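Here's the letter readout for the chains.
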Amino acid sequence: MEKYQATAIAHPNIALIKYWGNRDHEMRIPENGSISFNLGSLYTKTTVIFNPSLEIDSLEINGIQTLNSGLKRISNFLKIVREWTSTPYYAQVISENNFPMGAGIASSAAAFASLSLASIKALGLFLTEKDLSRLARRGSGSACRSIPQGFVEWLPGRDDQESFSYSFASVNHWDLVDVIAIVAKNHKSVGSTAGHALANSSPLQRVRVADAPRRLGIGKNAILQRDFNELAEIVELDSNLMHSVMMTSNPSLFYWEPATISIMKAVPEWRQQGIPACYTLDAGPNVHIICQSEYANDVVNLVNQITGVLQVMVSPVGGGAYLVEE
Ligand code: DP6
């Protein structure tokens, strides 16, 4: 019997202006627009095989069969793929990452971006970048930002058709790097999906969302002008605002570890001393330190001196999702 198979690679992305909270949870229509860049040295490679003889979907991550919530999420997404493409077949999904999962590095973004592209190709179909981004969004909101290359904006839109990402500056536009300080390797206790659902229970979310277009405008302009100081101020403000919402949600989400705070205090001091760097955090304790590539070694050396830093990874700006020949 014929099988329908393809493999794709996608990079995770780091948001400089964050997505937190949905106006439609099921469709993953966000409350506000966001901007990010892809992390070129980190990737997820996903092979999908639609097979007429299968009776359920299956998932293997880094060589281990995954059941429970991980499989359920992939299977829910494959159901959407089946609806979009009128395919009746179940699929085997085989995924591998070169970075730790569940620790504030958006593994779901690279996973659903690569799975979207591989699924469409496996079924012999083609989608525009916009529609692939819309499809990836249904698996994980931030995944829609891992489809286009380089520096990316997610237009929030008001419905499924309007909510997608596009590249506003290419990979080579600005040689920023993300120096990722890992301070905890365990799986996070409350994941992003549950976190988004709590956002509106914080009295601060309304204020954060109302001011988001202003921050996004400043952040995007700073990237286009390659103005690091302007970018640094707005990136740290945006991350602090999101974590303020998290901490004041009910129940409250407190992701930081002591080493997280040490880094957050150190980075603005480095900036004052002439090392242009700024911090941003996702839904976890690890700290992403953004700087220009010429300062990456200095930042790595400095962050390695901070107590509680377990590992440091460095990534330049990366391309969009792409197919791999098998
Ligand atoms: C804090 O995209 O992981 O990283 O749509 O539920 O999969 P789901 O959430 P997810 O949320 C990312 C939140 C964030 C900020 C960001 O990347 O913009």
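Above this text is the structure in question.
On a predicted model such as this, the values are computed, not experimentally measured, just so you know.

### Considering the overall build of the protein chain
Move 1: If you tally the helices and strands in the protein chain, you get 9 helices and 16 strands.
Move 2: Taken against the 2.2 N^0.38 rule, which gives 20 Å for 326 residues, the C-alpha radius of gyration of the protein chain at 19 Å falls within 12% of a compact globule.
Move 3: When its C-alpha atoms are laid out on the principal axes, the protein chain stretches across 65 × 40 × 35 Å.
Move 4: Counting only residues that meet the buried cut, the protein chain has 55% of its 326 residues in that class.
Move 5: Within the protein chain, residue pairs in contact and separated by at least 24 positions form 76% of the contacts whose partners lie at least 6 positions apart.
Move 6: As presented, the protein chain carries roughly 13,700 Å² of accessible surface, and 50% of it is formed by carbon and sulfur atoms.
Move 7: The protein chain carries 26 positive and 30 negative side-chain charges, and their two centres are separated by 5 Å.

### Considerations on unusual backbone geometry
Among all residues except glycine, the phi angle is most often negative; among peptide bonds, the trans geometry is most common.
Move 1: Of note, the amide linkage connecting Asn 250 to Pro 251 takes the cis form, showing an omega dihedral of 0 degrees.
Move 2: As for its placement among the helices and strands, Pro 251 is situated in the loop between α7 (228-247) and α8 (258-272).
Move 3: Even without a glycine there, the phi angle at Arg 28 is positive, about 55 degrees.
Move 4: Within the secondary structure, Arg 28 is located in the loop between β3 (22-24) and β4 (29-30).
Move 5: Residue classification places Arg 28 among the buried residues on the basis of a relative accessible area of 12%.
Move 6: Despite not being glycine, Arg 226 shows a phi value in the positive range, around 50 degrees.
Move 7: Relative to the helices and strands, Arg 226 resides in the loop between α6 (212-225) and α7.

### What to know about the layout of surface pockets
Move 1: Of the volumes computed, that of the second largest pocket is approximately 380 Å³.
Move 2: What lines the second largest pocket is a set of 17 residues, among which Glu 26, Arg 28, Asn 76, Ile 80 and Arg 138 lie closest to the centre.
Move 3: Elements with a minimum of two residues in the lining of the second largest pocket: α1 (68-85), α3 (129-139) and α4 (192-198).
Move 4: Among the elements that line the lining of the second largest pocket, the one with the most residues is α1, at 8 residues.
Move 5: Residue composition of the lining of the second largest pocket, by class: 3 nonpolar, 7 polar and 7 charged.

### Regarding the nonpolar core
Move 1: Grouped together as the largest cluster of nonpolar side chains are 29 residues, with contacts concentrated most on Val 48, Phe 50, Ile 74, Leu 78, Val 93, Leu 115 and Leu 135.
Move 2: Those elements giving two or more residues to this core turn out to be β1 (4-10), β6 (44-51), β7 (58-61), α1, β9 (90-97), α2 (107-122) and α3.
Move 3: Ranked by residue count, the leading element in this core is α2, at 7 residues.
Move 4: Apart from the residues within four sequence positions on either side, Leu 78 is in contact with Phe 50, Asp 57, Ala 91, Val 93, Leu 115 and Ser 119.
Move 5: The next biggest cluster of nonpolar side chains, apart from the first, holds 28 residues, and it includes Ile 17, Leu 216, Phe 228 and Ile 234.

### Digging into the site of the ligand
Move 1: Within the structure, the ligand sits among 17 residues, and Arg 73, Ser 140, Gly 141, Ser 142 and Thr 193 are positioned closest to it.
Move 2: One nitrogen or oxygen atom from the main chain of Tyr 19 is found 2.9 Å from an oxygen atom belonging to the ligand.
Move 3: In the model, an oxygen atom of the ligand is placed 2.6 Å from a nitrogen or oxygen of the Thr 193 side chain.
Move 4: Its free accessible area being 460 Å², the ligand has 97% of it covered by the protein chains.
Move 5: Ranked by the residues each element gives to the shell around the ligand, the list is headed by α4, at 3 residues.
Move 6: Grouping the constituent residues of the shell around the ligand by class yields 5 nonpolar, 7 polar and 5 charged.
Move 7: Of the residues that make up the shell around the ligand, three or more belong to each of domain 1 (4-172) and domain 2 (176-316).

The rules behind the values
- Numbers given for residues are sequential positions, taken from 1 along each chain in its written order.
- Given that the model is predicted, a residue must reach a pLDDT of at least 70 before its local features are reported, and side-chain atom pairs must reach 80 or more before they are shown or counted; all residues, however, enter totals for whole chains, interfaces and linings.
- Hydrogens are left out, water is left out, and the side-chain values use all remaining heavy atoms of the structure.
- The helix count covers DSSP runs of H or I at least four residues long, the strand count covers runs of E at least two residues long, and both are numbered beginning at the N terminus.
- When we talk radius of gyration, it's over C-alpha atoms, and the globule rule is simply 2.2 Å times the number of residues to the 0.38.
- Exposure classes here rest on a 1.4 Å probe applied to the protein chains alone. A residue is buried below 20% of its type maximum, exposed above 50%, and partly exposed in between.
- Only heavy atoms matter for contacts: two residues are in contact if any of them lie within 4.5 Å across the pair.
- Only the protein chains shown count as covering a residue, and every accessible area follows the Shrake-Rupley method with a 1.4 Å probe.
- Note on charges: Lys and Arg go in the positive column, Asp and Glu in the negative column, and His and the chain ends are not counted at all.
- Just so you know, the charge point we use is NZ for Lys, CZ for Arg, CG for Asp and CD for Glu.
- Put plainly, a pocket is an open set of points on a 1 Å grid over the protein atoms alone with protein on both sides within 12 Å along at least five of seven lines, a cavity is a set where a 1.4 Å probe fits but cannot get out, and a lining residue has an atom within 4 Å of a point.
- Grid points are joined across faces, edges and corners, and a volume is the space filled by probe spheres set on the points.
- Any residue outside Ala, Val, Leu, Ile, Met, Phe, Trp, Tyr, Cys, Pro, Asp, Glu, Lys and Arg is labelled polar, Gly included; the first ten of those are nonpolar and the last four are charged.
- Here the nonpolar core consists of buried residues drawn from Ala, Val, Leu, Ile, Met, Phe, Trp, Tyr and Cys, with membership extended through side-chain atoms lying within 4.5 Å.
- One heavy atom within 4 Å of a molecule or strand makes the whole residue count as near it.
- Two N or O atoms form a polar contact when they lie within 3.5 Å of each other; inside protein one atom must be a possible hydrogen donor and the other a possible acceptor, and for residues adjacent in sequence the pair counts only when both atoms belong to side chains.
- Where each domain starts and ends comes from a domain assignment, either automatic or drawn from a database.

What is shown is where atoms sit, not what they do.
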